[in-house]
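For reference, the chains in residue letters:
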Amino acid sequence: MSYVIACMKGVVLAGGTGSRLRPLTYTMPKQMIPVGGIPVLEHAIGDMRDAGISEIAIVLGEHGHDDIKGYFGDGSEFSVDITYVYQGEPLGLGHAVGCAEKFVDGEPFVLFLGDDLIQRGITDLVEGFDPSTHAGSIAVKPVNDPSRYGIVNLDDDGDIVGMVEKPNEPPSNLAGIGVFVLTADVFDEIAEVGASWRGEVELSDAIHRLLTRGERFQSHIVDGWWYDVGTPTDVIAANRSVLDDITESEAAPLDVDGTIQGRIAAGSEVIVQDGATVRGPVSLGPGVEIHDGATVGPYTTLEADSTVEDGTVQSSVVLEGATVRTEGRILDSLVGRGATIDVTATGDALKLVVGTDSQVTL
Ligand code: G1P
């Protein structure tokens with residue numbers, strides 16, 4: 001049975017410092033880094049829309065406001081209605097959620113951590129939530145390293161009876177993976193919890209307080225892959241997984257002189273010159289150019305207006321307007337907006353993380 005609540009709202013958190021993705025995050029929010037051709041945050045917005053949620057608040061942190069607002073605007077291009085809420089100082093997830101209290105206006109809502117990416121969307125979670133019996137539902141998944149996450153423990157009915165953030169002695173290996181259905185009761189608890197040992201107002205602590213008060217939370221075990229995109233390795237791995245889900249039917253009809261193998265998603269005005277090779281799965285943004293002698297892919301995203309002039313770019317994400325020229329191979333790399341990579345040295349494949357507008361000559 002499904003219990004969809006009419007007009008459930010959505011809250012997406014897009015703050016955080018992104019410190020593990022520096023230098024890229026000195027100039028852009030981590031949620032705008034593309035995986036599979038679109039920003040991480042757009043995956044969350046799309047999952048909300050697909051689950052029937054059209055009124056969405058994006059909670060902005062200290063940085064990246066123009067980037068996010070410039071891209072998503074009022075949401076109409078994405079068939080949703082977007083409101084922006086300002087968190088300012090990063091005082092923790094609980095604090096960020098608390099900033100959306102007015103927007104939520106007393107109703108149950110879906111919370112999506114904007115740097116999380118899940119393969120199969122959130123429709124099952126949202127439709128499976130039963131507000132007549134539960135005060136919330138949490139998407140969970142077994143993890144190998146539970147001390148890095150918010151960990152839940154369950155009773156015999158599969159309901160959540162406790163939640164603890166980054167525990168030294170995890171009560172289970174089931175992590176909350178960044179998508180929740182919550183009721184407005186959570187705001188009272190957020191107001192009560194103090195800062196944790198890491199100095200943050202933890203959402204997990206607020207949820208734990210609701211559970212201790214006797215509220216019931218459903219656990220929704222998620223199949224398929226999931227990423228918390230926090231490091232360059234996460235970006236590369238998430239990009240691979242998203243690209244792997246490109247189906248043949250998505251392959252854009254390309255008018256190209258070069259060689260295209262496998263599954264490709266491509267925007268308009270892509271140029272693949274005679275003598276260039278694209279090996280899918282690959283995502284090519286509008287205006288991408290791949291020149292004679294260059295090979296791109298597999299598992300590579302080239303964002304809009306980026307160019308590969310020579311050499312091989314494989315298992316990498318190249319951001320808007322960047323240029324890569326190499327005698328050899330660029331592998332598992334993250335190249336910032338407008339950066340120029342110029343490699344005449346040959347040898348092993350290079351693995352790079354290059355910030356916005358940087359110039360690398362080797
Ligand atoms: C946050 C949450 C944690 C959750 C994780 C999922 O952790 O605090 O409960 O398990 O996201 O990605 P953070 O990414 O802030 O370390």
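Residues numbered from 1 in each chain as written. Predicted model: local features only at pLDDT ≥ 70, side-chain atom pairs only at ≥ 80, totals over all residues. Heavy atoms only, no water.

**Topic: the overall build of the chain**
Along its length, the chain carries 9 helices and 28 strands. Over its C-alpha atoms the chain spans a radius of gyration of 21 Å, differing by no more than 12% from the 21 Å that the globule rule assigns to 362 residues. Projecting the C-alpha coordinates of the chain onto the three principal axes gives extents of approximately 65 × 40 × 35 Å. With 362 residues in all, the chain has 53% of them scored as buried. Taking contacts inside the chain between residues at least 6 apart in sequence as the whole, the part at least 24 apart equals 50%. Both charge centroids of the chain, one from 22 positive and one from 57 negative side chains, sit 5 Å from each other. (Helix = DSSP H or I, 4+ residues; strand = E, 2+ residues; numbered from the N terminus. Rg over C-alpha atoms; globule rule 2.2 N^0.38 Å. Buried < 20%, exposed > 50% of the residue type's maximum accessible area, 1.4 Å probe, protein only. Contact = heavy atoms within 4.5 Å. Lys, Arg positive; Asp, Glu negative; His and termini not counted. Charge placed at Lys NZ, Arg CZ, Asp CG, Glu CD.)

**A closer look at the site of the ligand**
Close to the ligand lie Leu 93, Leu 113, Asp 116, Tyr 149, Gly 150, Glu 165, Lys 166, Gly 176, Arg 198, Ser 204, Trp 226 and Asp 228, which account for all nearby residues. Measuring from an oxygen atom of the ligand, one finds a backbone N or O atom of Gly 150 at 3.0 Å. Side-chain polar atom of Lys 166 to an oxygen atom of the ligand: 2.6 Å apart, as the coordinates give it. Burial of the ligand by the surrounding chains reaches 85%, relative to a free accessible area of 380 Å². (Near = heavy atom within 4 Å. Polar contact = N/O pair within 3.5 Å; in protein donor to acceptor, adjacent residues only side chain to side chain. Areas by Shrake-Rupley, 256 points an atom, 1.4 Å probe, with all protein chains shown as cover.)

**Here we look at the packing of helix 7 (residues 185–192) against helix 8 (residues 203–212)**
The N-to-C vectors of helix 7 and helix 8 enclose an angle of 115°; their axes lie 8 Å apart at closest approach. Relative to helix 8, helix 7 is oriented so that their crossing is right-handed. Between helix 7, through Asp 185, Val 186, Glu 189, Ile 190 and Glu 192, and helix 8, the contact on the second element is made entirely by Leu 203, Ala 206, Arg 209 and Leu 210. (Axes fitted to C-alpha atoms, helices over the stretch in contact; angles between N-to-C directions. Left-handed = near helix turned anticlockwise from the far one by under 90°.)

**Observations regarding the domain arrangement of the chain**
Segmentation of the chain into domains returns domain 1 (3–243) and domain 2 (248–361). Taking only C-alpha atoms into account, the centre of domain 1 sits 32 Å from that of domain 2. Contact with domain 1, which involves 18 residues of that partner, is made by 21 residues of domain 2. For the pair domain 1 and domain 2, the two sides together bury roughly 1,600 Å², of which 67% comes from carbon and sulfur. Between the two partners, domain 1 and domain 2, sit 1 salt bridge. Of the charged contacts in the structure, one is a salt bridge between Asp 67 and Arg 337, with a shortest N-O distance of 3.0 Å. Breaking the side of domain 1 that touches domain 2 down by element, the ones donating at least two residues are helix 1 (24–27) and helix 9 (232–244). A total of 6 residues in the side of domain 1 that touches domain 2 trace back to one element, the largest contributor, which is helix 9. Its residues assigned to classes, the side of domain 1 that touches domain 2 shows 11 nonpolar, 4 polar and 3 charged. (Domains from an automatic or database assignment. Buried area = accessible area lost by both parts, 1.4 Å probe. Salt bridge = Lys/Arg side-chain N within 4 Å of Asp/Glu carboxyl O. Nonpolar A, V, L, I, M, F, W, Y, C, P; charged D, E, K, R; others polar.)

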